[in-house]
Structure formats: C-alpha cells, structure tokens
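# Analysis of the macromolecular model
This is what each chain is made of:
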Amino acid sequence: MNQEIRIHSWPCSYYLDTSKQWVSGRLSLTPLAIKFTADKTGELLVNFHLSSISEIKKESSNLIFSSLTILEKNTKHWFSSLQPNRNVVFNILEHFWREQLLSNQGAGAEAGALQSTKGKELTGLLAGSQKRLEDTAKVLHYQGEQFDNIMRGLNKIEGDMDVADRLLTELESPSWWPFSSKLWKAPLEAKPKETATVSDSKNQEGIIIRIPVIITHRTDSNVKPGKLTLLASGLEISDCNSQVIHRFESKDVDDIRVHTPYEISVRQRFIGKPDTSYRLLSAKMPEAIPILEMQFSKKIQFLEDALGFVGARESPQVDLGTSIWQAATGLLGGVVQPSSPVGGGEGMDNEQVQLQSQEKISELETKELKQILKKLKGLALETEAELERQDEALDSITTSVDRATLNIDKQNRRIKKLT
C-alpha cells in the first residue's frame, strides 16, 4: 500500500526518445518510484524504482532550457516545463532519492529481505516498539517536570498566602493587643529565603527525533532542504546548517494538518497579522507523525489522503502487543526446545520440515530478542510508574488549587471588612 501513495505530482513535458518529440503529462513521485503519465493517452511512459537512479541533475542546452535529467541505469530521461519551477521538483526528488539510498528499502535491501529469517523480522518489530516506547517515556518525563514546576509554584503561593493571613490577623487585631508585634515579625523571620529554582529543562530536554525535511514557508513558493526536530516541549525547524528558522513551543501550535503520510503543515494563528505556517515534506515523516499525534492529539488533523495511512497504522495495533509477545514466546520456545516437533507426528512431509527449519531462529537472534524484551519490560514498568506519579501529582495540584481558591475568597472577605 505504501508504494501506491502518491507523494507529489507536477505538470511537465517528457522527451520521448522513440518518437523524438516532447509529450505533455504529469511527473509523479511515490515512496519508492518515479512515474510519468501522458495527458492525451493516459499511457504510463516512465516507471522506475528510486534505487535504480544513478544521478539527478539540472541541465540545459541550446534547444532545451531549464530541464531536469534523471539517469536511470543506462537511460537518461529528460523533463522540461516543470511547474511550479525546476528547483522545487529537483529538491523534492533529490531528497527522496537520497533517503531511499540511505534507507533499507533499496534494491540491495530488497534482495537481503528475501533471505531474512523470522528472527530478524521479529527483532526489527520489537526494536521499532522499543523506539516508540522510549519516545513516549521522553515526553512523559518532560510532562512530569512541568507538573513538578507547577507544584513548586503552588507551594510558594500557599506560603505567600500564609504570610498574608498573618498580616491580615495583625491588621484585624486591636491596637492594645500585646502580641501584635510578634505576629508581624513571626512570618518575616520564618519566611524561607527564596532560592532561584529556575528550571533548566530546556538545557536538559532531549531530542525525541530529528529528520531531514523539505521546507515551504507560507509566504514563499520556493522550497529548501532543512531539518525538523521534535522536542518534548515543541518542535523546531532549521536549515541545512542547523540554523534555527522557527521554533514552535507546544502552546504556540494551533493546528497540525497531515496531508499525506509524508507531508504535514504546522500553523500558529495571530490576530491582526499573518499566521506563521510551514509545510514540511520528508521521506522520514511516517516516523514523526505518531509522536506528533501523541504530543498534539487535540490539534492534529488527518486529511483525506492521510486517512488510509492512519487506518493501516492503527488497525494492526489493536492486537500488536499480543501478537508480539505471542510470536516472541513461540519463536523463543522453538529455539530453547528445538528437538520437540511442532506437529507432533512422524509423518511430516518434506515441505513441512523445510518450512519448520525456516521458522527457527538462531541463538544469536534469540539473545538479541531476549535483551530487547527485557528493555521493553523495563520501559513499560517505568512508563506505568511515571503515569501513576503524574496522576497523583494532578490530584495534588487540583486539591492545592481548590484550597488556594478558598483561601483567596476568605482573605478577600476579610479585606472588605477592614476597608
């Protein structure tokens, strides 16, 4: 299904070498391939894998201006009259081509995938689950720090209100009351010195994920390569030289729209001036979207072209945990007791024997799986404990706020009586 998703398409002309003429149509990019379809006939004239590309260049000649050439194996494909312009198409194609070469989805990886064992597949699945759980733990840790800061602020408020209560008592007491001076001095002497508890969470906050992106600003039709960094407190957009273009704090983001599994837009609204909006395209965006969905669950919106991606990602997750543990238990059991027959009979044919031998995983893979499972268990326990702690902190915050509200009302009534 991923291969059929159209990331982008552009109107252009393609030079058909067989008839020596230019054909108008649309150049389309999918996660793994480049295609060109003629407008008049609807015929698919170009269709090749990104991993088969040797070179992408911007070229021109005496007869062909502002053209884009793609060298695929020994064939050179010419594209011209690209809209909106050649640079936009070049930057996007080059980004996905480079990411394809760096990823494990190239031709060499595909050939290796045919020889991969069940153990490798399961290891990859568990490693992905571990990465997502680690990202979740980072976000929860930052939220915990925010709760701690809130509690410190509420404790300071309660201390200040105690002082105000004593001062009001002093003002309410008659002039002949002999202990009035003690009431005034007691809070000043008992008041602890305020220490600078400036949170250094920004210095300590870790990066959840950083991916290369193609950036389009709201006011600029051109695109440029850069990076998207997801932090526990928000997200940051920077150029190729790591110079920050814009930083969105979590509270600044008004909405995130997922146009496709590979393209999102982030917007901050303003009154009386233009909104700040960035459109981000990346081959690695499917890795960032689940984190954005967790951080901005009430602000993220999946558009029509991205709904299929959401369904494909969520439907297997219903039984994902069960399937992982069942698969791991079955495979690990098969390695621990390789002599025990699966079918339990001696009349197993050669096909079944061969299938059984392919299903087994090596001892090295078993050790790796056990290590990942151990880490997963530890992360799950830590996450559960952090969630329980945050629930307790939230209850304490609610109680403190209610108590502070009651005290403020009482003090307001006392002040009115004094005036």
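Each value, and the rule that gives it
- Residues numbered from 1 in each chain as written.
- Predicted model: local features only at pLDDT ≥ 70, side-chain atom pairs only at ≥ 80, totals over all residues.
- Heavy atoms only, no water.
- UniProt positions renumbered as here; feature names shortened; annotations may be inferred.
- Patch = residues over 30% accessible without salt bridge, like charges linked within 9 Å, V, L, I, M, F, W, Y side chains within 5 Å.
- Areas by Shrake-Rupley, 256 points an atom, 1.4 Å probe, with all protein chains shown as cover.
- Salt bridge = Lys/Arg side-chain N within 4 Å of Asp/Glu carboxyl O.
- Lys, Arg positive; Asp, Glu negative; His and termini not counted.
- Charge placed at Lys NZ, Arg CZ, Asp CG, Glu CD.
- Helix = DSSP H or I, 4+ residues; strand = E, 2+ residues; numbered from the N terminus.
- Phe/Tyr/Trp six-rings, centres within 6.5 Å; stacked < 30°, edge-to-face > 60°.
- Buried < 20%, exposed > 50% of the residue type's maximum accessible area, 1.4 Å probe, protein only.
- Lys NZ or Arg CZ within 6 Å of the ring centre and 35° of its normal.
- Contact = heavy atoms within 4.5 Å.

For the protein chain, the name recorded in an unreviewed UniProt entry is Synaptosomal-associated protein 47, with Dromaius novaehollandiae as its organism. Recorded in UniProt under Sequence similarities (unreviewed entry), the annotation for the protein chain is "Belongs to the SVAP1 family."

All right, on to a positive patch on the surface then. Together, Lys-410, Arg-413, Lys-416 and Lys-417 make up a region of like positive charge exposed at the surface. For Lys-417, the position within the fold is in helix 10 (residues 363–418).

What follows concerns the packing of aromatic side chains. Working definition: an aromatic ring pair is given by the centre-to-centre distance plus the angle between the planes. Scanning the model with the defined rule gives six aromatic pairs in all. Summarising the aromatic geometry, the rings of Tyr-14 and Phe-36 are spaced 5.3 Å apart at their centres and angled 40 degrees between planes, so their arrangement reads as tilted. Residue Tyr-14 is found in strand 1 (residues 8–16), and its partner Phe-36 is found in strand 3 (residues 33–38); the two are separated by 22 residues along the sequence. On the basis of relative accessible area, Tyr-14 is assigned to the buried category, the value being 7%. By relative accessible area, Phe-36 is classed as buried at 0%. Centroid distance Phe-248 to Tyr-278: 6.2 Å. Interplanar angle 85 degrees. Geometry classified as edge-to-face. Of this pair, Phe-248 sits in strand 11 (residues 244–249) while Tyr-278 sits in strand 14 (residues 276–281); the two residues are 30 residues apart in sequence, bridging distant segments of the chain. Tyr-278 shares its class with Phe-248; the two are buried. Grouping aromatic residues by their ring pairs yields a cluster made of Tyr-14, Phe-36 and Phe-79. A cation over an aromatic ring shows up here: Lys-273 above the ring of Phe-270, its NZ or CZ 4.4 Å from the ring centre.

On to the environment of His-141. Here His-141 is to be found in helix 3 (residues 118–172). Distance from His-141 to Leu-387, taken between C-alpha atoms, is 9.5 Å for residues 246 residues apart in sequence.

Now for the side chain of Ser-238. Its location among the elements puts Ser-238 in strand 10 (residues 234–239). Its relative accessible area of 5% is what places Ser-238 among the buried residues. When sequence neighbours within four positions are dropped, the list of residues in contact with Ser-238 reads Ile-215, Gly-226, Lys-227, Gln-243, Val-244 and Ile-245.

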